[in-house]
2 protein chains.
Amino acid sequence: MFRNSLPHYEILSQEAMATLDGGWRRLVSEIGVEFLSDRALELFRAAGQKVEENNVRFDPEFLLEQVAKAPAEFDVTARNPDHTVHIGGDAMAFGGVYGPPFVRQGEVRRDATMADFENFARLAQSFPALDSAGGVICEPNDAPLDSRHLDMTYALQTLTDKIYMGNVVSGVNAADTIRMTEILFGGREAIERAPATISLINCNSPLRWDERMLEAQFEYSAANQPVVLTPFLLMGAMSPVSIPATLAQQIAEALTGIALSQLIRPGAPVIFGSFLSNIDMQSGSPCFGTPESAVGLLCTGQIARRFGLPVRSGGGLTSSQVPDAQAGYEALMTMLPTFLAGINWVMHSAGWLDGGLVASYEKFVIDMQILEMLRAEFQPLEITEESLAFDAHTEVGHGGHFLGAAHTLERFRECFYRPFLSSSDNYDRWLRGGGLDAAQRASTVVERKLAEYRRPELDAGIEAELADYVTRRRRELGD
Amino acid sequence: MFRNSLPHYEILSQEAMATLDGGWRRLVSEIGVEFLSDRALELFRAAGQKVEENNVRFDPEFLLEQVAKAPAEFDVTARNPDHTVHIGGDAMAFGGVYGPPFVRQGEVRRDATMADFENFARLAQSFPALDSAGGVICEPNDAPLDSRHLDMTYALQTLTDKIYMGNVVSGVNAADTIRMTEILFGGREAIERAPATISLINCNSPLRWDERMLEAQFEYSAANQPVVLTPFLLMGAMSPVSIPATLAQQIAEALTGIALSQLIRPGAPVIFGSFLSNIDMQSGSPCFGTPESAVGLLCTGQIARRFGLPVRSGGGLTSSQVPDAQAGYEALMTMLPTFLAGINWVMHSAGWLDGGLVASYEKFVIDMQILEMLRAEFQPLEITEESLAFDAHTEVGHGGHFLGAAHTLERFRECFYRPFLSSSDNYDRWLRGGGLDAAQRASTVVERKLAEYRRPELDAGIEAELADYVTRRRRELGD
């Protein structure tokens with residue numbers, strides 16, 4: 001499990017923080033937040049908040065009281081204990097891309113299929129830097145619509161032994177995910193004690209939580225499974241064209257969603273979610289890896305810590321249509337601030353392309369390269385007398401080189417991170433190796449990883465029970 | 001002139017800093033630093049340092065006294081006053097790639113020529129984000145060897161009106177650069193008062209300053225022209241395989257070079273230089289954009305500030321052979337820490353490819369895109385009551401969108417940085433536009449910028465005098 005050992009990079013002054021604080025308080029109390037769920041409205045009404053139709057006007061102090069009930073840190077259990085994830089503190093966990101309807105492999109862009117979903121799950125299992133395949137890694141368009149959540153959950157449970165995200169399309173889907181998690185982890189009581197799936201609840205920003213997401217939230221929070229309450233903010237569309245306004249809105253939306261989880265089940269694990277970028281003001285297209293999104297991300301980490309909450313963001317985001325230079329720099333424009341901000345749960349860490357519409361095989365590998373580099377960068381830097389290697393200087397002297405120094409020979413295997421994708425070959429050697437660019441080399445890594453993949457072992461009885469559940473429920477759902 | 005408005009990201013504790021402090025003191029006093037220059041040795045001897053053959057063992061306190069004479073901030077004058085650069089404080093100035101013998105354009109990699117040099121100078125003039133074309137933007141292999149420094153300086157002086165770097169191949173070349181700078185800026189007294197060229201003095205690390213570089217340093221410092229004293233550190237080759245050891249060595253080398261400038265001319269402007277990365281320990285190839293180089297860079301900014309010195313580093317570094325995803329993420333792996341570290345003079349900000357062996361036209365444009373984004377990111381973030389845009393929320397309400405809000409309409413032109421190279425087009429639109437990746441789009445930007453380029457005006461008398469100087473000196477140099 002990766003721990004971020006470098007300091008947080010915080011850019012908000014106390015004064016700025018106070019202004020933002022005034023901002024979200026005014027939003028929740030004067031404008032309010034809509035909850036398209038009678039159960040949610042009833043809980044808020046009973047707790048003394050002002051409910052008019054679907055809108056709830058909050059006492060900010062009430063929200064803070066609820067938020068204070070949420071745990072600052074918690075675990076999400078994986079069926080392989082080595083892959084159990086800690087959420088919060090200086091821990092950072094990484095999941096794959098979530099939601100694309102399309103895939104790209106080589107020069108081909110096409111509808112995603114269940115076979116793609118399974119391949120991405122295998123890739124996620126293959127890269128130690130990734131803590132989770134995620135959830136809807138891509139939309140399996142060839143699987144029956146009403147029951148594909150069963151197929152996806154089954155694939156995540158059987159092809160990987162890492163944590164996985166729960167389906168949130170409806171309360172029914174959430175209940176199925178929970179039931180399958182119970183089967184895998186030994187029953188309801190076991191998963192309530194040690195949560196084993198994590199789910200993304202998106203806000204229909206601005207200031208509205210929709211019915212289907214809330215139904216899923218009710219299921220997961222009641223079962224003590226963590227939910228990521230995520231304002232979905234593309235500045236200019238779902239929030240004002242202002243970073244501070246967007247940050248205040250993000251707090252208002254996240255805290256109200258979190259408060260609901262605490263009313264459903266006090267102490268239920270939650271994550272302060274963030275998905276914050278901007279649109280191109282001429283075309284209306286969403287843009288990723290932008291300067292504004294990076295600034296928002298840095299602020300978000302600082303803000304969530306102030307509320308004592310773990311924080312989610314993502315990942316290797318890019319608008320680029322192909323895994324080119326733009327995809328490389330935009331992914332890092334998001335991923336490096338993700339580390340600087342101390343984000344705890346990082347979605348879309350692998351495979352995101354084309355504004356999130358495409359799960360890209362090559363980009364998946366490129367993102368793994370970026371992630372490995374950053375994990376190496378944010379290691380502890382131990383500066384001790386011994387680390388100064390004075391003896392090496394005595395040995396080498398002036399104008400020499402350290403290649404053969406005893407200090408070097410003792411350490412050369414481990415001293416630097418060695419990339420698996422990036423090439424530092426000299427030009428002739430690179431040409432002899434085929435003259436492949438990073439995306440082309442990534443293709444060969446995909447092939448190799450899939451060929452080398454070994455399915456993690458799973459108790460045959462549990463696997464049969466999961467398969468039976470999928471079969472039975474698919475029939476019940478009419479697919 | 002760009003000012004970095006975000007906080008510095010500093011990762012060294014006081015304790016770590018004290019350990020590094022002990023490290024460089026021990027290096028300079030016990031092992032010493034070689035200066036292959038009788039003039040330098042004589043100055044150090046006269047100042048009471050222990051000189052044996054070419055080696056100087058220093059009293060660390062003496063070095064600190066010399067360093068304290070150097071200005072913390074200074075200007076470098078451009079012939080267009082709007083392009084004069086401030087070095088130090090929160091100012092950041094950016095120069096193009098420096099030194100490649102090859103160029104790459106499209107799919108062709110070949111020897112660089114004077115025509116390439118001139119093209120890159122034109123590109124540098126065309127991008128406002130770049131403060132300087134640099135110096136040896138590429139090596140003009142078709143120009144006569146002994147006089148090509150004249151051609152390069154002439155091109156930098158006439159094709160751009162920005163600051164330029166001086167030639168350092170020898171004392172003679174430095175003297176020519178200074179003389180041409182005198183012609184352009186109105187004489188020796190004028191440039192001594194207001195320095196107008198900046199030069200890179202590399203250390204032959206470990207712990208040796210070579211004769212030709214020192215000769216150039218003598219010329220420039222005597223003329224009060226700033227020099228960048230730069231340890232050249234590829235860990236594993238020129239320094240131990242340890243970041244702390246390399247940082248201590250970097251301090252030792254930089255401070256001794258800086259002390260020499262102060263003995264040549266007390267108060268002469270200097271910059272704490274850094275060129276710090278690592279080699280691949282299997283192949284011996286230099287690697288760029290590595291985690292270790294990023295950590296070194298963050299520490300370097302903090303260290304230089306402790307000595308009250310402006311600091312140099314670079315830039316858009318990459319090992320990649322082509323302007324692909326690797327080039328994108330590696331460039332940003334260096335460039336973003338450059339901003340976080342508060343580097344003042346950023347070399348290799350545009351065009352670096354293939355470990356610095358290649359000046360790439362497309363990478364130049366990609367780097368300009370990255371630089372513009374980071375300049376936008378490190379703007380002041382003003383969080384005021386007005387910035388919270390509460391009225392926009394009142395107008396839009398729940399679940400609406402902000403596209404047509406009054407707040408948006410007032411600000412949509414300026415609210416977000418708009419990229420010139422990155423594409424956020426939807427896939428169909430992108431396909432209709434040719435389906436070009438970032439490198440291919442960069443090619444078209446190169447063509448357009450070169451077609452649109454207008455030579456900045458220059459007094460005809462001065463230009464003739466420069467041309468005469470070049471002609472005369474070329475004859476004298478036997479080319």
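Each value, and the rule that gives it
- Residues numbered from 1 in each chain as written.
- Chains lettered and ligands numbered in written order.
- Predicted model: local features only at pLDDT ≥ 70, side-chain atom pairs only at ≥ 80, totals over all residues.
- Heavy atoms only, no water.
- Least-squares fit on C-alpha atoms with pLDDT ≥ 70 in both.
- Contact = heavy atoms within 4.5 Å.
- Buried area = accessible area lost by both parts, 1.4 Å probe.
- Salt bridge = Lys/Arg side-chain N within 4 Å of Asp/Glu carboxyl O.
- Polar contact = N/O pair within 3.5 Å; in protein donor to acceptor, adjacent residues only side chain to side chain.
- Helix = DSSP H or I, 4+ residues; strand = E, 2+ residues; numbered from the N terminus.
- Nonpolar A, V, L, I, M, F, W, Y, C, P; charged D, E, K, R; others polar.
- Pairing = 2+ DSSP bridges.
- Axes fitted to C-alpha atoms, helices over the stretch in contact; angles between N-to-C directions.

Trainee: Summarise the relation of the copies chain B and chain A; cite the residues concerned and give the values.
Mentor: Its rotation angle being 180°, the transformation that places chain B on chain A also includes 0.0 Å of axial translation and leaves an RMSD of 0.0 Å. These values place the two chain copies in the arrangement generated by a two-fold rotation axis. Taking the C-alpha atom as reference, chain B places Ala325 of chain B closest to the rotation axis, 1.9 Å from it. Both copies present the same face, since 100% of the interface residues in chain B are matched by interface residues at the equivalent positions in chain A.

Trainee: Break down the interface of chain B and chain A for me, citing the residues and quoting the values.
Mentor: Contact residues are listed per partner, giving 117 residues for chain B and 117 residues for chain A. Of the roughly 9,400 Å² buried where chain B meets chain A, counting both sides, 69% is carbon and sulfur surface. On the chain B side of the interface with chain A, the three residues burying the most area are Tyr329, His398 and Phe416 of chain B, jointly 9% of the side's total. The tally of links between chain B and chain A comes to 2 salt bridges. Salt-bridge contacts for Arg418 of chain A lead to Asp280 of chain B; the nearest nitrogen and oxygen are separated by 2.9 Å. One can count 44 residue pairs in polar contact (both at pLDDT 80 or more) joining chain B with chain A. Here the element with the most residues in the side of chain B that touches chain A is helix 11 (residues 325-340) of chain B; it accounts for 10 residues. Here the residues of the side of chain B that touches chain A sort into 61 nonpolar, 36 polar and 20 charged.

Trainee: Lay out the sheet that holds strand 2 (residues 33-35) of chain A in plain terms, naming residues and giving numbers.
Mentor: Residue and element names in this part refer to chain A. Across the sheet, which stays open at both edges, the 4 strands sit in the order 3-4-2-12 with mixed pairing between neighbours. Sheet topology places strand 3 (50-52) and strand 12 (208-209) at the edges, where each strand pairs with a single neighbour. Here strand 2 pairs with strand 4 (residues 55-57) via 2 bridges, running antiparallel. Paired with Glu34 across the strands is Asn55, a residue of strand 4. Along the sheet face, helix 9 (residues 243-264) touches strand 2 and strand 12 and points at about 40° away from the line of strand 2.

Trainee: Residue-level account of the environment of Arg25 of chain B, with values.
Mentor: All names here are of chain B. One can find Arg25 in helix 1 (residues 14-31). Between the C-alpha atoms of Arg25 and Gln249, which are 224 residues apart in sequence, the distance is 9.7 Å. Here the side chain of Arg25 touches Asp21 through a polar contact of 3.1 Å, side chain to side chain. There is a polar contact of 2.7 Å between the side chain of Arg25 and the side chain of Glu61.

Everything listed here is a matter of coordinates, which is why it stays silent on function.
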